[in-house]
Amino acid sequence: MKAILIAWWDERNAREKRLLALGAAIIVLLLFYQVLVAPARDGSAAIRAALPTMKQQLTTMEGQAGEAKRLAGVAHTVAPSGDSLVNGVSASLTDRGLAPTKVELAGNAVQVEMKNVAFARWIGWLDDARRQLKVKVSQTHVTPSGNSGRVDIRATLDAGPLDRQAR
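All of these numbers come straight from a predicted model, not from anything done at the bench.

Definitions and cut-offs
- Starting afresh in each chain, residues are numbered from 1 along the sequence in its written order.
- pLDDT decides what is reported in this predicted model: residues at 70 or higher carry local features, side-chain atom pairs at 80 or more are listed and counted, and totals for whole chains, interfaces and linings draw on all residues regardless.
- As a rule here, side-chain values cover all heavy atoms of the structure and leave hydrogens and water aside.
- Each helix corresponds to a stretch of at least 4 residues labelled H or I by DSSP, and each strand to a stretch of at least 2 residues labelled E; elements are numbered beginning at the N terminus.
- With the radius of gyration taken over C-alpha atoms, the globule rule is written as 2.2 Å times the number of residues to the power 0.38.
- Each residue's exposure class comes from its accessible area (1.4 Å probe, protein chains only) as a fraction of the maximum for that residue type: buried when under 20%, exposed when over 50%, partly exposed otherwise.
- Two residues form a contact once any of their heavy atoms are found within 4.5 Å.
- Per-residue and other accessible areas follow the Shrake-Rupley method at a 1.4 Å probe size, with only the shown protein chains counted as cover for residues.
- Only four residue types enter the tally: Lys and Arg on the positive side, Asp and Glu on the negative side; His and the chain ends are excluded.
- A single reference atom marks each charge: NZ on Lys, CZ on Arg, CG on Asp, CD on Glu.
- Nonpolar side chains (Val, Leu, Ile, Met, Phe, Trp, Tyr) within 5 Å and like charges within 9 Å form the patches, drawn only from residues with over 30% relative accessible area and no salt bridge.
- Think of a salt bridge as a Lys or Arg side-chain nitrogen and an Asp or Glu carboxyl oxygen that are within 4 Å of each other.
- In this scheme, strands are said to pair when DSSP sees at least two bridges between them.
- Every axis in this analysis is a line fitted to C-alpha atoms, fitted for helices over the stretch in contact. Angles between the N-to-C directions lie between 0 and 180 degrees.
- Residues enter a nonpolar core if they are buried and are Ala, Val, Leu, Ile, Met, Phe, Trp, Tyr or Cys, with the set joined through side-chain atoms within 4.5 Å.

**Points about the overall build of the protein chain**
In step 1: For the protein chain, the helix and strand inventory stands at 4 helices and 4 strands.
In step 2: Sequence-ordered secondary structure for the protein chain, helices as α and strands as β, is α-α-α-β-β-α-β-β.
In step 3: Its C-alpha radius of gyration of 39 Å places the protein chain more than 25% over the 15 Å reference for a compact globule of 167 residues.
In step 4: Structurally, the protein chain occupies a C-alpha span of about 115 × 40 × 25 Å along its principal axes.
In step 5: Out of the 167 residues belonging to the protein chain, those deemed buried represent 18%.
In step 6: Pairs at least 24 apart in sequence give 52% of the contacts found in the protein chain among residues at least 6 apart.
In step 7: Element-wise, carbon and sulfur atoms account for 60% of the exposed surface of the protein chain, whose accessible area totals about 11,900 Å².
In step 8: Side-chain charges in the protein chain split into 22 positive and 15 negative, and the spacing between the mean points of these groups amounts to 6 Å.

What follows is the structure in structure tokens.
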């Protein structure tokens, strides 16, 4: 193949060789432009056009992130109340596998009654409820139910700010 091309090239006179070389150079320059220069130029123009929108989106996201951090701090200090407190206590007990016989609202507190519950499980749940639901025990009555480690419980849980020591 190489020999055929060399023979073909040698058959051309000087003027044809110059024209062919000039044509090849023009084709190489056009390919260079189409493959490298044009896409880079078009891409940078598109980026320049989108940059103000991206900066605005970044500013909005930074503001939202700051608001989320601020609200996260507030959410940890606000205790639920009313029906949301009763629902939260009921759901929390159910999630821990505890079956209360009674969960009801009493003013700003929730009264919980359970029969034949494992005392260790109750204490574990109470610690979680203190941290997650921001409640504290204001009254409790615990009596053994006859089985080892099992008790009947009647407790009143108050919602509201916790003491610094309880945190």
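**Topic: a nonpolar patch on the surface**
In step 1: A cluster of nonpolar side chains, contributed by I27, L31, F32, Y33, V35, L36 and V37, occupies part of the molecular surface with about 650 Å² of accessible area.
In step 2: The topology assignment puts V37 in helix α2 (residues 14-75).

**Brief notes about the sheet that holds strand β3 (residues 135-144)**
In step 1: The sheet built from 4 strands is open, its strands ordered β1-β2-β4-β3 with antiparallel pairing. Only two strands of the sheet have a single neighbouring strand rather than two, namely β1 (102-106) and β3. For this sheet, the mean angle separating the axes of adjacent strands, direction not counted, is 15°.
In step 2: Judged from the 5 bridges that link them, β1 and strand β2 (residues 109-118) form a sheet pairing that is antiparallel. The residue of β2 that forms the bridge with K102 is E113.
In step 3: Most of the contacts of helix α3 (residues 82-95) go to β1, to which it runs at about 160°, and overall it touches β1, β2, β3 and β4 (150-159).
In step 4: Running at roughly 155° to β2, helix α4 (residues 119-132) makes contact with β2, β3 and β4 of the sheet.

**Some words on the nonpolar core**
In step 1: Membership of the largest hydrophobic core comes to 21 residues, with the highest contact counts inside it found for V89, L93, V112, W122 and W125.
In step 2: Contributions of two or more residues to this core are made by α3, β2, α4 and β4.
In step 3: When residues in this core are grouped by element, the largest group, 5 residues, is from β4.
In step 4: In this view, V112 contacts V89, L93, P100, K102, V103, W122, I153, R154, A155 and L157; residues no more than four positions away in its chain are not counted.

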